[in-house]
Amino acid sequence: MVGTVIVPRGTEQFLGGNTLSAASFSSAASDYEKIGGGPAVKAVVDRFYELILADDQLVGFFEGADLTSLKRHQVLLISQVLGGPASYDGRDLREAHAGLDITRVDYLKVVSLLVQALVEAGVPPAVIERVGEALASTERDVVTSPAG
Ligand code: HEM
């Protein structure tokens, strides 16, 4: 865009109109940046596990799991899904869930608790929708029980 300068939002009128405001500039930011980066994702993941561990249907799956390492991996994975740093270093999802006998109902419950944690944190619906779309492809790796 020849002749266009980026200026702070609200100051466009002082520059005669041929500007791209900081507001439109920041719309190019990743979802990760938009929601507040690492600390925001960490808060969402903490709440997500609080909800999971309070759920009778799900808590049993996590008995004996190393929650610190699990949460760390979730933070990295969700950061990556949101367009933040791609530094997930956990196991392949199929391998991590193999043998856990997870049904589709369990899976949908976990997804709904993640959505709840995102909603509670004030994450915009459009961002939540994109997270949901990205997660949909994990279902075939996570759901291992035919019963669901
Ligand atoms: C919604 C999609 C899901 C994603 C993206 C996901 C992601 C992950 C990740 C990243 C890990 C850590 C792997 C590692 O530490 O190497 C993990 C572990 C685990 N997940 Fe999931 N998960 C999903 C759904 C579920 C569901 C539905 C359940 C059970 C109802 C579940 C139960 C577990 C358990 C128990 C572990 C720990 C396994 C272990 O430490 O041996 N996950 N998951």
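What counts and how
- Throughout, residues of each chain are indexed from 1 in the direction in which the sequence is written.
- With the structure being a predicted model, the display of local features is reserved for residues of pLDDT at least 70 and the display and counting of side-chain atom pairs for 80 or more, all residues being used for whole-chain, interface and lining totals.
- With hydrogens and water stripped out, all remaining heavy atoms of the structure feed into the side-chain values.
- It suffices for a single heavy atom of a residue to lie within 4 Å of a molecule or strand for the residue to be listed as near it.
- Here a polar contact is taken to be a pair of N or O atoms separated by no more than 3.5 Å, where protein atoms must pair a possible hydrogen donor with a possible acceptor and residues adjacent in sequence count only if both atoms sit in side chains.
- Every helix listed is a DSSP run of H or I at least four residues long, and every strand listed is a run of E at least two residues long, numbered separately from the N terminus.
- Residues are grouped as follows: Ala, Val, Leu, Ile, Met, Phe, Trp, Tyr, Cys and Pro are nonpolar; Asp, Glu, Lys and Arg are charged; every other residue, Gly included, is polar.
- Contacts were defined at the residue level, with two residues in contact if any of their heavy atoms lie within 4.5 Å.
- Two aromatic rings, drawn from Phe, Tyr or Trp (for Trp, its six-membered ring), form a pair once their centres lie within 6.5 Å of each other, and the interplanar angle then sorts them: stacked below 30 degrees, edge-to-face above 60, tilted otherwise.
- Think of it in three bands: with a 1.4 Å probe and only protein chains considered, a residue is buried below 20% of the maximum accessible area for its type, exposed above 50%, and partly exposed in between.
- UniProt positions are given in the numbering used here, feature names are shortened, and annotations may be inferred rather than shown by experiment.
- Angles here are taken between N-to-C directions and fall from 0 to 180 degrees, while the axes themselves are lines fitted to C-alpha atoms, restricted in helices to the stretch in contact.
- Under this scheme an angle from 65 to 115 degrees is roughly perpendicular, one under 35 degrees roughly parallel, and one over 145 degrees roughly antiparallel; angles in between are oblique.
- Crossing handedness is read from the near helix: turned anticlockwise from the far helix by less than a right angle, it gives a left-handed crossing, and turned clockwise, a right-handed one.
- The set of buried Ala, Val, Leu, Ile, Met, Phe, Trp, Tyr and Cys residues whose side-chain atoms join them within 4.5 Å is what this entry labels a nonpolar core.

### Regarding the site of the ligand
Surrounding the ligand, one finds 22 residues, the nearest of these being F61, L70, H73, R91 and H97. Contact between the ligand and H97: a nitrogen atom at 2.8 Å from a side-chain N or O atom of the residue. Every element with two or more residues in the shell around the ligand is listed here: α5 (67-81), α6 (93-97) and α7 (104-120). Of the residues belonging to the shell around the ligand, the class tally is 15 nonpolar, 5 polar and 2 charged.

### Here's the deal with the side chain of D55
One can find D55 in the loop between α3 (37-53) and α4 (56-59). Within polar-contact distance, the side chain of D55 engages the side chain of K109 at 2.6 Å. Every residue in contact with D55, bar those within four places of it in the chain, is listed here: K109 and L113.

### Observations concerning the packing of aromatic side chains
Under the defined criterion, the tally for this structure stands at 2 aromatic pairs. Geometrically, the ring pair formed by Y49 and F62 is edge-to-face, given 5.9 Å between the ring centres and 75° between the ring planes. Here F62 lies in the loop between α4 and α5 and Y49 lies in helix α3, a separation of 13 residues in the sequence. The same class applies to Y49 as to F62, namely buried. Put simply, the rings of F48, Y49 and F62 pair up and form one aromatic cluster.

### Considering the UniProt feature "binding site: heme" (unreviewed entry) in the protein chain
Taking the numbering used here, the UniProt-annotated feature "binding site: heme" (unreviewed entry) corresponds to H73 and H97. Over a stretch of 25 residues, the named residues converge on one spot in the fold, their C-alpha atoms separated by at most 13.6 Å. Within the fold, H73 resides in helix α5. For H97, the position within the fold is in helix α6. Not counting residues within four places of it along the chain, the set of residues in contact with H97 comprises I102, D141, V142 and T144.

### What to know about the packing of α7 against helix α8 (residues 125-136)
Look at α7 against α8: their axes get within 11 Å of each other, and the N-to-C directions meet at 155°. Between α7 and α8, the angle falls in the class roughly antiparallel. The hand of the α7/α8 crossing is right-handed. Counted together, Y107, L114, V115, L118 and V119 of α7 and I128, V131, L135 and A136 of α8 form the full contact between these two elements. Class assignment of the residues belonging to the contact of α7 with α8 gives a composition of 9 nonpolar, no polar and no charged.

### Points about the side chain of D31
Checked against the element boundaries, D31 lands in helix α2 (residues 31-35). According to the relative accessible area criterion, D31 is buried, its value standing at 10%. Not counting residues within four places of it along the chain, the set of residues in contact with D31 comprises L82, V127 and R130.

### Topic: the nonpolar core
Generally speaking, nonpolar side chains in soluble globular proteins are found buried as a group. In terms of nonpolar packing, the biggest core is built from 27 residues, with I35, V41, F48, I52, L82, L114 and L118 touching the most fellow members. Counting residues per element, this core draws most heavily on α3, at 8 residues. When near neighbours in sequence (up to four residues on either side) are disregarded, L118 contacts V44, V123, I128 and V131.

### Looking at the packing of α3 against α7
Taken N-terminus to C-terminus, the directions of α3 and α7 make an angle of 135°; their axes are 9 Å apart at the nearest point. As far as their axial angle goes, α7 and α3 are oblique. Considering the relative orientation of α3 and α7, their crossing is right-handed. On α7, the residues that touch V44, R47, F48, L51 and I52 of α3 are V110, L113, L114, Q116, A117, L118 and E120. For the contact of α3 with α7, a count of residues per class yields 9 nonpolar, 1 polar and 2 charged.

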